Amino acid sequence: MVRSSLAVLVIDENRIRASIIEAGLREAGHERVTVIHDVTGIARRIAEIEPDVIVIDLENPNRDMLENMFQLSRAVKRPIAMFVDRSDQASIEAAVDAGVSAYVVDGLRQERVKPILDMAVSRFNAFSRMARELEEARSELESRKVIDRAKGILMKSRGLSEEAAYTLLRKTAMNQNRKISDIAQSLVTAAGLLGPLEDE
């Protein structure tokens, strides 16, 4: 996706500050820019607009407003660049925890909008990739645990060696055109229904 083809949503109650952000985005070649000044029903509006990136400007945010924006960030699963005039350590940590891709304190200038937006997108993509890899690693680890349990069940119930138990699982998976982990899960589930064949 070419960066200039991104649909950008700007959320800013201050029209002057919003115009600075919009000008910076348009100057950077972003043509699909939507500006919202009223945060009422913002989640619904985001769902309607379906932006690729969200820029939030909070001139003088209070704790509740920040928390609402952080909840929004967790829910939308998109790159978010947030501009604030003032902040504290707790707010910065909350922004990071909420997945805000760029949290800029006292840095709203037209010429900074594009590099900050680019950084937010890059950081979001990197974070998403790491989260996906972590989920894949967790899934792989869980699959291995299930396969080990299934091998244990086969070893105990059929008197097989570990290698023979794995070979049987693999052969069954190939014959049924399924993953070994799926066959193992079915065996573990069935064994659980039939009674304790192995020590948990």
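As the structure is a computational prediction, the values presented were derived from the model and not from experiment.

Thresholds applied
Residues numbered from 1 in each chain as written. Predicted model: local features only at pLDDT ≥ 70, side-chain atom pairs only at ≥ 80, totals over all residues. Heavy atoms only, no water. Helix = DSSP H or I, 4+ residues; strand = E, 2+ residues; numbered from the N terminus. Rg over C-alpha atoms; globule rule 2.2 N^0.38 Å. Buried < 20%, exposed > 50% of the residue type's maximum accessible area, 1.4 Å probe, protein only. Areas by Shrake-Rupley, 256 points an atom, 1.4 Å probe, with all protein chains shown as cover. Lys, Arg positive; Asp, Glu negative; His and termini not counted. Charge placed at Lys NZ, Arg CZ, Asp CG, Glu CD. Arc of directions from axis to C-beta. Right-handed = clockwise from strand over helix to strand, strands pointing away. pLDDT = per-residue confidence, 0-100. Pairing = 2+ DSSP bridges. Axes fitted to C-alpha atoms, helices over the stretch in contact; angles between N-to-C directions. Contact = heavy atoms within 4.5 Å. UniProt positions renumbered as here; feature names shortened; annotations may be inferred. Core = buried A, V, L, I, M, F, W, Y, C linked by side-chain atoms within 4.5 Å.

Concerning the overall build of the protein
Along the backbone of the protein there are seven helices and five strands. The helix and strand sequence of the protein, counted from the amino end, reads β-α-β-α-β-α-β-α-β-α-α-α. Compactness check: the protein gives a C-alpha radius of gyration of 25 Å against a globular reference of 16 Å for 200 residues, more than 25% above the reference. Each of the 200 residues in the protein was classed as buried or not, and the buried ones make up 37%. By element, 51% of the accessible surface of the protein is carried by carbon and sulfur atoms, the whole surface being about 11900 Å². Positive and negative charge centroids in the protein, built from 29 and 32 side chains respectively, lie 5 Å apart.

Here's the deal with helix H4 (residues 89-98)
Among the residues making up H4, those that are buried are Ser-91, Ala-95 and Ala-98. Mapping the buried residues of H4 onto a view down its axis gives an arc of 70°, with all of them on the same face. When the buried face of H4 is taken as reference, the exposed residues oriented beyond 90 degrees from it are Gln-89 and Asp-97.

Some details on the pairing of strand E4 (residues 80-84)
Burial analysis of E4 places five of its five residues in the buried class, which makes it a mostly covered element. Of the two faces of E4, both are covered, the one formed by Ile-80, Met-82 and Val-84 as well as the one formed by Ala-81 and Phe-83. Tracing the backbone out of E4, into H4 and back to the parallel element strand E5 (residues 102-105) gives a crossover that is right-handed.

Observations concerning the confidence of the model for the protein
Residues with a pLDDT of 70 or more make up 93% of the protein, whose mean pLDDT is 85. At the low end of the mean pLDDT range in the protein sits helix H3 (residues 63-76), at 75; at the high end sits helix H6 (residues 162-176), at 94.

Considerations on the sheet that holds strand E1 (residues 8-12)
The parallel open sheet is built from five strands, whose spatial order is E2-E1-E3-E4-E5. Single-partner strands in this sheet number two, and they are strand E2 (33-36) and E5. Neighbour to neighbour, the strand axes of the sheet diverge by 15° on average, direction disregarded. Bridge count for E1 against strand E3 (residues 53-58) is five bridges, and the pairing is parallel. Within E3, the position partnered with Asp-12 by the bridge is Asp-57. Helix H5 (residues 110-158) rests against E1, E3, E4 and E5 of the sheet, and its axis sits at about 145° to E5.

What to know about the UniProt feature "modified residue: 4-aspartylphosphate" (unreviewed entry) in the protein
UniProt records the feature "modified residue: 4-aspartylphosphate" (unreviewed entry) at Asp-57, using the numbering of this structure. Counting through the fold element by element, Asp-57 comes out in strand E3. For Asp-57, a relative accessible area of 3% corresponds to the buried category. Ignoring any residue separated from it by four or fewer positions in sequence, one finds Asp-57 in contact with Ile-11, Asp-12, Arg-17, Ile-21, Phe-83 and Leu-108.

Notes on the nonpolar core
Counting 20 residues, the largest nonpolar core has Ile-56 and Met-82 as its most contacted members. Looking at this core, the elements with two or more residues in it are E1, helix H2 (42-49), E3, H3, E4 and H4. Not counting the four nearest positions on each side in its chain, Met-82 is found in contact with Ile-56, Leu-58, Leu-66, Met-69, Phe-70, Val-100, Ala-102, Tyr-103 and Val-104. Core analysis: the second largest hydrophobic core is formed by 18 residues, Val-8, Val-10, Leu-25 and Val-33 among them.

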